[in-house]
Amino acid sequence: MDRRQNEGTIPTLVGTGFLVTALVVYITSAVVSLLIFLYGLILVWLQPSVWKSRIARIIIVVQLLNCMRFVIRIIASFVVIKSEFGCRAILFVNNVLALLPVNLCIYCVLHLQLVIIHKVSPQKRWPTLVLMSLAIGIAIIPASAFLYTPPSMIDIASYCSVPKLVQRRYYIFLVCTISVWQYFSGIVGAISVAIIGIHIVKTRKSSRRILALSLYAYHPSYNVIAQSKSKMLHRALLTIIWYPITPILSLWLNTILYTVGYYRRTTFNGLEYVNVVFLGLQSVLLGIALIVNPTICDAYKRQIKSRLNNPKGKNKDRLVSSRPLWQDSSNTLRGLPPHVNIESASSLDMLSDTLSAFSE
């Protein structure tokens, strides 16, 4: 098996088979993310109310960021860059775009946890500011080390000619700037999803009561009371499970490979093919996260229903107001009995507007 290595901004194995595979995967991943992004934009154009959903906005923008990530990776892997600053900039942007989409998705899960479990009001701005700042900062600040760290300090001749098997200092540099944060995002997301799942199981009775009282504002034909515990949990987790799965499947193997390669001083050509495919899975997983998002699903169903019911009529936005109940101008919950706890309904509304799996 060919053990030759290629030196470059992002080193790859030498060999026509591997290079073709990597190029096909990267191009396909970029196209998939671009198509999903356009799908989201078309829905926003047809149903403007979709853009009012915070999570829908994030998951649509994430598709564009992921598309840009694979375009940059193609440049870094296959284009010969002679400018040292150019190589630094490419590495910085590549690492930021690899982690930022994932961090934004984890932000969605953490914000949901704060609202439905810790009873933080969705109206408060500080959770959004803090979580969003952390998501962006964790993606940008560690990766910025590529812009100012001298190559001699980390045992490489140049950022334009990084060997496949790196030395000790550069390996530590990669761990501190990339690996730790990729593991961090996946672990935090998985823990948060587990906490939300446990909470759904423990509070299923009260959740059904609140959901039933809120049917009028959302989906009058949907009988929440009939939902079993397992189905409620399944629908909730189906919506948010893609967020922690994304970094675990698409980023962790890459980190494991260069860690094992550093200690074993060898490459694993077969696993390199698997690694490239897993990197491309990020586009698929993020695409699924958009497609199963309740706001996106509802907009698509309403658009199809509108087309079927009125094929020759004008396209009217028939979305139920995306304005949460807790933002009602009368400061009351219309259509709900007066004894319903507003804070509970606010938590429910955030769940429905954001990542709710209880809506159809």
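Just so we're clear, the structure is a prediction, and the values are computed from it rather than from any experiment.

What follows concerns the overall build of the chain. Along the backbone of the chain there are 13 helices and 0 strands. Counting from the amino terminus, helix and strand elements in the chain follow one another as α-α-α-α-α-α-α-α-α-α-α-α-α. Within the span of the chain, comprising 360 residues, buried residues form 52% of the whole. Considering only residue pairs separated by 6 or more positions, the chain has 79% of its internal contacts joining residues 24 or more positions apart.

As a further point, take the state of the cysteines. Scanning all chains against the criterion turns up 1 disulfide. Between the sulfur atoms of Cys87 and its disulfide partner Cys160 the distance amounts to 1.9 Å. One disulfide, between Cys87 and Cys160, carries an S-S torsion of 110 degrees and so falls in the right-handed class. You can see Cys87 sitting in helix H3 (residues 84-116) and its partner Cys160 sitting in the loop between helix H5 (145-148) and helix H6 (168-202), a full 73 residues away along the chain. Overall, Cys160 belongs to the buried group, its relative accessible area being 17%.

Note that an α-helix has 3.6 residues per turn; residues three or four places apart therefore point the same way. Taking 1.5 Å per residue as the helical rise, H3 with its 33 residues ought to reach 48 Å, and the 48 Å between its terminal C-alpha atoms agrees with that figure. For H3, the principal kink sits at Leu100 and spans about 25 degrees; a proline, Pro101, occurs within the next four residues. Buried residues dominate H3, accounting for 27 of its 33 residues.

Turning our attention to the packing of H3 against helix H9 (residues 242-250). Orientation of H3 relative to H9, taken along the N-to-C sense of each, is 150 degrees, at an axis distance of 8 Å. Classified by the angle between their axes, H3 and H9 sit roughly antiparallel to one another. In this structure, the crossing between H3 and H9 has a hand that is left-handed. For the pair H3 and H9, contact is made by Val102, Cys105, Ile106, Cys108 and Val109 and by Tyr243, Pro244, Thr246 and Pro247, respectively. Partitioning the contact of H3 with H9 into residue classes produces 8 nonpolar, 1 polar and no charged.

Attention now goes to the pattern of salt bridges. Within this structure, the stated rule accounts for 1 salt bridge. Two residues, Arg169 and Asp155, come together in a salt bridge whose shortest N-O distance is 4.0 Å. Of this pair, Arg169 sits in helix H6 while Asp155 sits in the loop between H5 and H6, placing them 14 residues apart in sequence. When its relative accessible area of 46% is taken as the criterion, Arg169 is described as partly exposed.

What follows covers the confidence of the model for the chain. Averaged over every residue, the pLDDT of the chain is 75; the share at 70 or more is 72%. Here helix H13 (residues 342-354) stands out as the least confident element of the chain, with mean pLDDT 42; H5 is the most confident, with 92. Residue range residues 214-229 is modelled with pLDDT below 50. Its contacts to residues more than four positions away, or to other chains, number 30 contacts. Low pLDDT (under 50) marks residues 315-360, which in the prediction has 100 contacts with non-local residues, meaning those over four places away or in another chain.

This part is about the packing of aromatic side chains. Evaluated as defined, the whole model comprises 12 aromatic pairs. Taking the centre distance of 6.3 Å and the plane angle of 75 degrees together, the rings of Trp181 and Phe184 count as edge-to-face. Taken together, the residues span about one helical turn, with Trp181 and Phe184 both in helix H6 at a distance of 3 residues. In textbook terms, an aromatic cluster arises when at least three aromatic residues are bridged by ring pairs, as seen for Phe146, Tyr159, Tyr170 and Phe173. Stacked on the ring of Phe70, the Lys or Arg Arg69 has its end atom at 4.8 Å from the ring centre.

Rules and cut-offs
- Residues numbered from 1 in each chain as written.
- Predicted model: local features only at pLDDT ≥ 70, side-chain atom pairs only at ≥ 80, totals over all residues.
- Heavy atoms only, no water.
- Helix = DSSP H or I, 4+ residues; strand = E, 2+ residues; numbered from the N terminus.
- Buried < 20%, exposed > 50% of the residue type's maximum accessible area, 1.4 Å probe, protein only.
- Contact = heavy atoms within 4.5 Å.
- Disulfide = S-S within 2.5 Å.
- Expected span 1.5 Å × (residues − 1).
- Bend = angle between axes of the 7 residues up to and from the residue.
- Axes fitted to C-alpha atoms, helices over the stretch in contact; angles between N-to-C directions.
- Parallel < 35°, antiparallel > 145°, perpendicular 65-115°, else oblique.
- Left-handed = near helix turned anticlockwise from the far one by under 90°.
- Nonpolar A, V, L, I, M, F, W, Y, C, P; charged D, E, K, R; others polar.
- Salt bridge = Lys/Arg side-chain N within 4 Å of Asp/Glu carboxyl O.
- pLDDT = per-residue confidence, 0-100.
- Phe/Tyr/Trp six-rings, centres within 6.5 Å; stacked < 30°, edge-to-face > 60°.
- Lys NZ or Arg CZ within 6 Å of the ring centre and 35° of its normal.

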